[in-house]
Amino acid sequence: MKRPVSRILVINDEKLILKELIKGLNAAAKSLENPLGITFSGVTTAREALQAIQDDGDIQSVLVDDTLYTLKNGEKGSRILQMTALKLVQEITRFRPELDIYILIAQEKEDEVVDALFSETVDGYFYREERDYRGMYRILNAQLQEKARTPFYDQLKNYVLMAKDAWHTPGHSSGDSLRDSPWASDFYQFIGEHIFRADLSVSVPMLDSLMEPSGVIAEAQKIAAKAFGARRTFFATNGTSTANKVIFQTLLAPGEKLLLDRNCHKSVHHGVVLSGAHPIYLDSSVNKKFGVYGPVPKQTLFRAIEEHPDAQALILTSCTYDGFRYDLPPIVEAAHAKGIKVIIDEAWYGFARFHPAFRPTALEAGADYATQSTHKVLSAFSQSSMIHINDPEFNEHLFRENFNMHTSTSPQYSMIASLDVARKQVVMEGYKLLSRTLELAKEVREQINSTGVFRVLELTDLLPDEVKNDNIQLDSTKVTVDISHCGFTVEDLVRELFERYNIQVEKSTFNTLTLLLTIGTTRSKVSRLYDALMRIAREGRAPRRLYQIPELPGFTELKYLPRDAFYCGGEIVPLLDEQERVNDSLKGKVCADQITPYPPGIPVLVPGQTITSGVVQYLISMLRSQKRVEVHGIVYDGYLPCLRLLSDAEEKSLKKLAK
Ligand SMILES: Cc1ncc(COP(=O)(O)O)c(C=O)c1O
């Protein structure tokens, strides 16, 4: 295993003192235990310090001299104010909040220094004149070790190494049921011994309980909260799909209003049914040329907040699957002004805190709740997500009840361990890895454009007109490529890349492909992608006519609460009549299910919504292009596609929503 490298940067404007400090600290690091590979280096100006912090991803901690406010700039004697220690601490924290920061107090008046830095995230103070380099090293080392700790994973590993006999679930009993089986040992060997040995259960008390954590899971969650800038963090082992539902059920009582982007993930729409919330749908912007759905326009959001001050919560996705990031601070501010809680679905953005190119995160922008699929973009196992909470009125009891309602009583412990480790990794080397990912993203973009056939779509190409002035940003690790000149249909291109070049892309629209770069993207993968696209480009095929998905119809009236409609038995009615035309008897009826064509994954109908012929036409055209589009929620009566609708009697029994 590679040994870690940890650099600690010392900032002091007096060269001789700096030299002595570095020498003393490095000598201490050499002579004492040093498992994290700590070394010290120094700079004399704030500018150099900020540059080093930007360039060197191995810097883990910073020691700032309190006399920095009189930094010498150039010649001896010319003491010009460059930057106060306070300002430098603020700049460092803004740039890399995961760094530990210590202040070296040079003067007797430590009260003044401590007071000035009171509201900043300073991890400790040292009085320089003591010259206690070994003592300083011990503290710096201990603090770094605390950050690099993985309490749950360590305990899981220890337990496995203790090799206790299992007289408890799971039934495979550390893999013993499989190991020698002539029928199933192949699975054991393929998946690996440790997956089975680490697959334990709540019967093992030293591994804590995800449902009532008080030991190593509680500790791991506490360290994660600090890392992600949250008051509280909870690990979820059923993905962000469940995390969203848990938050809805905590914040919304039946009938209470929720403002939501119509383009939210389906788990959000399912959460509306489960919580019984009264949804106020906000139309997303759309880029018709590329079939890409964008953010909800700021004006739409501000208007909705004004018109529905009684809403309990607002949920938005930032960044979106395509990488659009909202300008969150003014939106959060407007919502908070009306007492509306803000939930941000950061399923695709769990890494954002660890590189300034992606910040502010939702929590930094003031959001109350953020849900992150740690597994989508960091090194956690699939389904491992985190819920971060900064709501000052957080009701822990209610949250816990809802969390436990959705959480299996047999959570997968390897997933919890993977969240612990993913947090450690992103804190200790996230900045470095994300800097590399950004570099690779830049290279991928240049290489794709150099094919002359494929073109990467930048923010200006992708941004729908309605949100051009909304200060939307693009996460450049999501790369959307225009394929309309390559001579392939998108299905054929995806197949060609897969079958001939062993490349699986993230997603596609009728004329684009989206590639996702993560901290796991390697230079080799980049070269292979470039090679494949260049070869395809050189085939010189004539461009094909591409089938464009019809436009999503506008949102029709929501007549009943989605939950009320969903729980009706309903009746099954075909979409087409005997002549294969739109079935007239559907018009004006109310849908009981959520109908979502995928792609684009935006519901055309939600439970309780009125059906129009435009909606049915859209669904029929989706079904006719079935080769590419799945339509979730359709019921099949033999070959006949049908919808589940509310019967007249059911409609009579339900309370209509006010218009
Ligand atoms: C915006 C958004 N939110 C939530 C989810 C659900 O996340 P998970 O797969 O972790 O359940 C997804 C999944 O694709 C998503 O795109």
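Residues numbered from 1 in each chain as written. Predicted model: local features only at pLDDT ≥ 70, side-chain atom pairs only at ≥ 80, totals over all residues. Heavy atoms only, no water.

(A) Structural context of the sheet that holds strand 15 (residues 385-389). The strand order 6-15-14-13-11-7-8 describes an open sheet built from seven strands, whose pairing is mixed. Looking at strand neighbours, the two that pair on one side only are strand 6 (232-236) and strand 8 (278-282), the edges of this open sheet. Sheet twist, expressed as the mean angle between neighbouring strand axes with direction ignored, is 20°. Sheet topology places strand 11 (residues 313-317) next to strand 13 (residues 341-345); five bridges connect them, and they run parallel. (Pairing = 2+ DSSP bridges. Helix = DSSP H or I, 4+ residues; strand = E, 2+ residues; numbered from the N terminus. Axes fitted to C-alpha atoms, helices over the stretch in contact; angles between N-to-C directions.)

(B) Summary view of the packing of helix 6 (residues 151-162) against helix 16 (residues 413-450). The N-to-C vectors of helix 6 and helix 16 enclose an angle of 135°; their axes lie 7 Å apart at closest approach. Considering the angle they form, helix 6 stands oblique to helix 16. Crossing of helix 6 against helix 16: the hand is left-handed. In this structure, helix 6 contributes Pro 151, Phe 152, Tyr 153 and Leu 156 to the contact, and helix 16 contributes Tyr 413, Ser 414, Ile 416, Ala 417, Asp 420, Val 421 and Arg 423. (Parallel < 35°, antiparallel > 145°, perpendicular 65-115°, else oblique. Left-handed = near helix turned anticlockwise from the far one by under 90°. Contact = heavy atoms within 4.5 Å.)

(C) Broad picture of the site of the ligand. Inspection of the region around the ligand gives Gly 239, Thr 240, Ser 241, His 265, Thr 317, Asp 345, Ala 347, Trp 348, Ser 373, His 375, Lys 376 and Ser 385 as its neighbouring residues. Ser 241 places a side-chain nitrogen or oxygen 2.5 Å from an oxygen atom of the ligand. Note that an oxygen atom of the ligand is positioned 2.8 Å from one of the side-chain N or O atoms of Trp 348. Protein chains bury 83% of the 390 Å² of accessible surface belonging to the ligand in isolation. Residue composition of the shell around the ligand, grouped by class: two nonpolar, eight polar and two charged. (Near = heavy atom within 4 Å. Polar contact = N/O pair within 3.5 Å; in protein donor to acceptor, adjacent residues only side chain to side chain. Areas by Shrake-Rupley, 256 points an atom, 1.4 Å probe, with all protein chains shown as cover. Nonpolar A, V, L, I, M, F, W, Y, C, P; charged D, E, K, R; others polar.)

(D) Spotlight on the packing of aromatic side chains. Counted by the stated rule, this structure contains 17 aromatic pairs. Summarising the aromatic geometry, the rings of Phe 187 and Phe 196 are spaced 5.8 Å apart at their centres and angled 80° between planes, so their arrangement reads as edge-to-face. The exposure class assigned to Phe 196 is buried, which follows from its relative accessible area of 6%. Ring geometry for Phe 234 versus Phe 399: centroids 4.5 Å apart, planes at 40°, classification tilted. Pair noted here: Phe 234 is in strand 6 and Phe 399 is in helix 15 (residues 396-406), with a separation of 165 residues, a long-range link. The positively charged end of Lys 507 is found above the aromatic ring belonging to Tyr 321, 5.2 Å away from the centroid. (Phe/Tyr/Trp six-rings, centres within 6.5 Å; stacked < 30°, edge-to-face > 60°. Buried < 20%, exposed > 50% of the residue type's maximum accessible area, 1.4 Å probe, protein only. Lys NZ or Arg CZ within 6 Å of the ring centre and 35° of its normal.)

(E) Summary view of the domain arrangement of the protein. The assigned domain composition of the protein is domain 1 (6-147), domain 2 (202-427), domain 3 (433-538) and domain 4 (562-653). Distance between the C-alpha centres of domain 2 and domain 4: 30 Å. Tallying the contact residues gives 16 residues for domain 2 and twelve residues for domain 4. Roughly 1,100 Å² is buried in total at the junction of domain 2 and domain 4, and carbon and sulfur atoms are behind 62% of that figure. The largest contributions to the domain 2 side of the interface with domain 4 come from Arg 262, Val 273 and Tyr 293, which together make up 41% of the buried area. The interface formed by domain 2 and domain 4 contains zero salt bridges. Joining domain 2 to domain 4, the criterion identifies one residue pair in polar contact (both at pLDDT 80 or more). (Domains from an automatic or database assignment. Buried area = accessible area lost by both parts, 1.4 Å probe. Salt bridge = Lys/Arg side-chain N within 4 Å of Asp/Glu carboxyl O.)

(F) Structural context of unusual backbone geometry. With an omega of -5°, the peptide bond running from Ser 318 to Cys 319 counts as cis. With respect to the helices, strands and loops of the structure, Cys 319 is situated in the loop between strand 11 and strand 12 (324-325). Geometrically, the link from Arg 359 to Pro 360 is a cis peptide bond, its omega value of 5° lying close to zero. Positive phi outside glycine occurs at Ser 173, with the angle close to 50°. When you line up the elements, Ser 173 lands in the loop between helix 6 and helix 7 (185-191). Assessed through its relative accessible area of 18%, Ser 173 is described here as buried. Within the chain, Glu 580 stands out as a residue other than glycine whose phi angle is a positive 65°. With respect to the secondary-structure elements, Glu 580 resides in the loop between strand 21 (571-574) and strand 22 (596-598).

(G) Fine view of helix 21 (residues 613-624). In a regular helix each residue adds 1.5 Å, so twelve residues correspond to 16 Å; helix 21 covers 16 Å between its end C-alpha atoms and thus fits that length. Within the sequence span of helix 21, burial applies to Val 615, Val 616, Tyr 618, Leu 619, Ile 620, Met 622 and Leu 623. (Expected span 1.5 Å × (residues − 1).)

(H) Layout of the environment of Thr 610. Its place among the elements puts Thr 610 in the loop between strand 22 and helix 21. Thr 610 sits in the buried class, given a relative accessible area of 11%. Here the alpha-carbon distance between Thr 610 and Gln 447, two residues 163 residues apart in the chain, equals 48 Å. Excluding anything up to four places from it in sequence, Thr 610 contacts Thr 556, Glu 557, Lys 559, Gly 588, Lys 589 and Leu 605.

(I) Expanded view of the sheet that holds strand 24 (residues 635-637). A sheet is described by the order of its strands in space; here three strands give the open sequence 21-25-24, paired in antiparallel fashion. In the strand order of this sheet, the two ends are held by strand 21 and strand 24, each with one partner. Adjacent strand axes in the sheet meet at a mean angle of 45°, parallel and antiparallel pairs treated alike. Strand direction decides the pairing type here: strand 21 and strand 25 (residues 640-645), joined by four bridges, are antiparallel. Paired with Glu 571 across the two strands is Leu 645, which belongs to strand 25.

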